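Observations on the three-dimensional arrangement
Below are the chains, spelled out letter by letter.
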Amino acid sequence: MKSLKKNSSNSFQVIIHYITGQLSLQINTKTTGKELFIQVCCCLGVKQFEYFGLQYEGKKKRVGWLRPGKKVYHTIGSNGTTPLFFLVKYFPEEIGKLGDNVAISLIYNQCKKEIVAGTIFCPPETSILLASYVLQAEESDWPHVDHYSIDPASIIPSNVLSQYTMSPTAWGDSLKDWHKDHEGLTPIEAQIEYLKIAQYLGMYGVSYFKAENGGEMVWIGIHPKGINIYKETLLFPKTILKWVFIKMVHYSCKKFIVRLVLQTVQEYVFQMKNMRTARLIFELAVGYHHLHVQNRYLPTQPRHYNELEKEKFKESTEELHSVETTKGDSIMRKIKKRNSTYIQLPTLKEEDISD
């Protein structure tokens, strides 16, 4: 990895936060999102990079993901005030297929943070079981841990703690009893067991977006196994669309459209707040579908950085190419063609897809 000269007139510093720390890197105005992403992966030692992305907060506090082909300077500027976050963009569908310990630890820490914060709903007993795996992963075997000095709020969601009127001593006894069952597990083994339980939680890996469908407000949930439609609650979907039933995803201006394999079923059309949101949903859907197919039909061994350098580094999405037009094309036709993207998803056999 080539280092950039700090005294270069067109260089500037970027701060990249990850779940357990931060990096400070010097880049120049020509550095692309792909090049910066490669640097971060190299610094952290991440080999299974396909699950991650660089997130930023733009104008009006809108969250976005750094685009590989776009220059970083054009997205965040050069004043150093816009931080970047190296986060899980696509949560893995099957934890057991992960072979990169660094990736596992990053996914574990982010998942744990969201569960403890209540972003991912977790039932009480499952929360305590997961907390016991946290102790095994981050402390040691149970005889070497002082369970009575641990703050339960640091490893158990507050909504779970509020359901019980237990003293700190009672919490310590409970955590100790659960912790005993995991004696002998290494930290990475405990993290894997944690994630194997977390992956079955209803809100695991789901990115929610508010939309309008058929005149009523709904929520779209993009996740590793497909697309959900929610109405009354974000915990239980009203409609579940698995990848095996989805033929095509498409966005055009503010609309996000899902077409199904079955011709008898009407396509789902969602009206989003703006085109930016429609494109983001599109990117997540295509990215998750790509990983869904890859994990079933392609080798899952971690790739090396030289392969990351050589490949096109697709964004799990479209590249909006400029279109050559003739004199007779109208401006509106150009805009519509540029802002519309179709993706025909590979056909999957239902019998090959596990729940």
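Every chain begins its residue count from 1, and numbering advances along the sequence as written. Given that the model is predicted, a residue must reach a pLDDT of at least 70 before its local features are reported, and side-chain atom pairs must reach 80 or more before they are shown or counted; all residues, however, enter totals for whole chains, interfaces and linings. Where side-chain values are given, they derive from all heavy atoms of the structure, hydrogens and water being excluded.

**Some points on the pairing of strand β7 (residues 216-223)**
Of the strand pairs in this sheet, strand β6 (residues 207-213) and β7 are connected by seven bridges, and their pairing is antiparallel. Paired with tyrosine 208 across the two strands is glycine 221, which belongs to β7. Here β6 folds back onto β7, and the loop between the two strands holds two residues, one of which, glycine 214, carries a positive phi near 65°. As judged from the five bridges shared by β7 and strand β8 (residues 226-230), these two strands associate in the antiparallel manner. For histidine 223, the partnering residue across the bridge sits in β8 and is glycine 226. Between any two strands, at least two bridges found by DSSP are needed for them to pair. Helix and strand definitions follow DSSP, with helices as H or I runs of at least four residues and strands as E runs of at least two, each counted in order from the N terminus. Hairpin geometry of β7 and β8 is characterised by an intervening segment of two residues between the two adjacent antiparallel strands.

**Details of the sheet that holds strand β1 (residues 11-18)**
With mixed pairing, the five strands of this open sheet are ordered in space as β2-β1-β5-β3-β4. If you trace the sheet from one side to the other, it starts and ends with β2 (21-28) and β4 (63-65), each paired once. Strand-to-strand, the axes of this sheet are offset by a mean angle of 35°, without reference to chain direction. Relative to β2, β1 is paired through eight bridges, and the arrangement is antiparallel. Bridging from a neighbouring strand, isoleucine 15 pairs with serine 24 of β2. We call two residues in contact whenever any of their non-hydrogen atoms come within 4.5 Å of each other. Every axis in this analysis is a line fitted to C-alpha atoms, fitted for helices over the stretch in contact. Angles between the N-to-C directions lie between 0 and 180 degrees. Sitting on the sheet, helix α1 (residues 33-44) touches β1, β2, β3 (52-57) and β5 (84-88), and the angle it makes with β2 is about 140°.

**With respect to the environment of isoleucine 150**
For isoleucine 150, the position within the fold is in the loop between α4 (124-138) and α5 (158-161). Here the alpha-carbon distance between isoleucine 150 and leucine 175, two residues 25 residues apart in the chain, equals 9.5 Å. Excluding its chain neighbours within four sequence positions, the residues that come into contact with isoleucine 150 are Leu135, Val145 and Ile155.

**Overview of the pattern of salt bridges**
Think of a salt bridge as a Lys or Arg side-chain nitrogen and an Asp or Glu carboxyl oxygen that are within 4 Å of each other. Considering all chains together, one arrives at five salt bridges under this definition. Of the charged contacts, one joins lysine 112 and glutamate 138 as a salt bridge, the two residues approaching to 2.6 Å between their closest N and O atoms. In this pair, lysine 112 sits in helix α3 (residues 101-117) while glutamate 138 sits in helix α4, placing the two residues 26 residues apart along the sequence. With relative accessibility at 14%, the residue lysine 112 sits in the buried group. The class of glutamate 138 is partly exposed, set by a relative accessible area of 39%. The classification of residues rests on relative accessible area computed with a 1.4 Å probe and restricted to protein chains. Under 20% of the type maximum is buried, over 50% is exposed, and intermediate values are partly exposed.

**Some thoughts on the packing of aromatic side chains**
For this analysis, a ring pair means two rings from Phe, Tyr or Trp (six-membered ring only for Trp) whose centres lie within 6.5 Å, classed as stacked if their planes differ by under 30 degrees, edge-to-face if by over 60, and tilted for the remaining angles. Applying the stated criterion across every chain, the model contains 11 aromatic pairs. Their ring planes at 35° and their centres at 5.9 Å tell us that phenylalanine 37 and phenylalanine 86 sit as a pair that is tilted. Of the two residues, phenylalanine 37 sits in helix α1 while phenylalanine 86 sits in strand β5, which places them 49 residues apart along the sequence. Accessibility classification places phenylalanine 37 together with phenylalanine 86 in one group, the buried group. Each ring, one from phenylalanine 52 and one from phenylalanine 86, has its centre 5.1 Å from the other, and the planes form 10°; the classification is stacked. Residue phenylalanine 52 is located in strand β3, and its partner phenylalanine 86 is located in strand β5; the two are separated by 34 residues in the primary sequence. When its relative accessible area of 2% is taken as the criterion, phenylalanine 86 is described as buried. Through successive ring pairs, a cluster of aromatic residues spans Phe37, Phe52 and Phe86. One cation-aromatic arrangement involves lysine 180 over tryptophan 142; the distance from NZ or CZ to the ring centre is 4.8 Å. Only Lys NZ and Arg CZ are tested; either one counts as a charge over a ring when it is within 6 Å of the ring centre and within 35 degrees of the ring normal.

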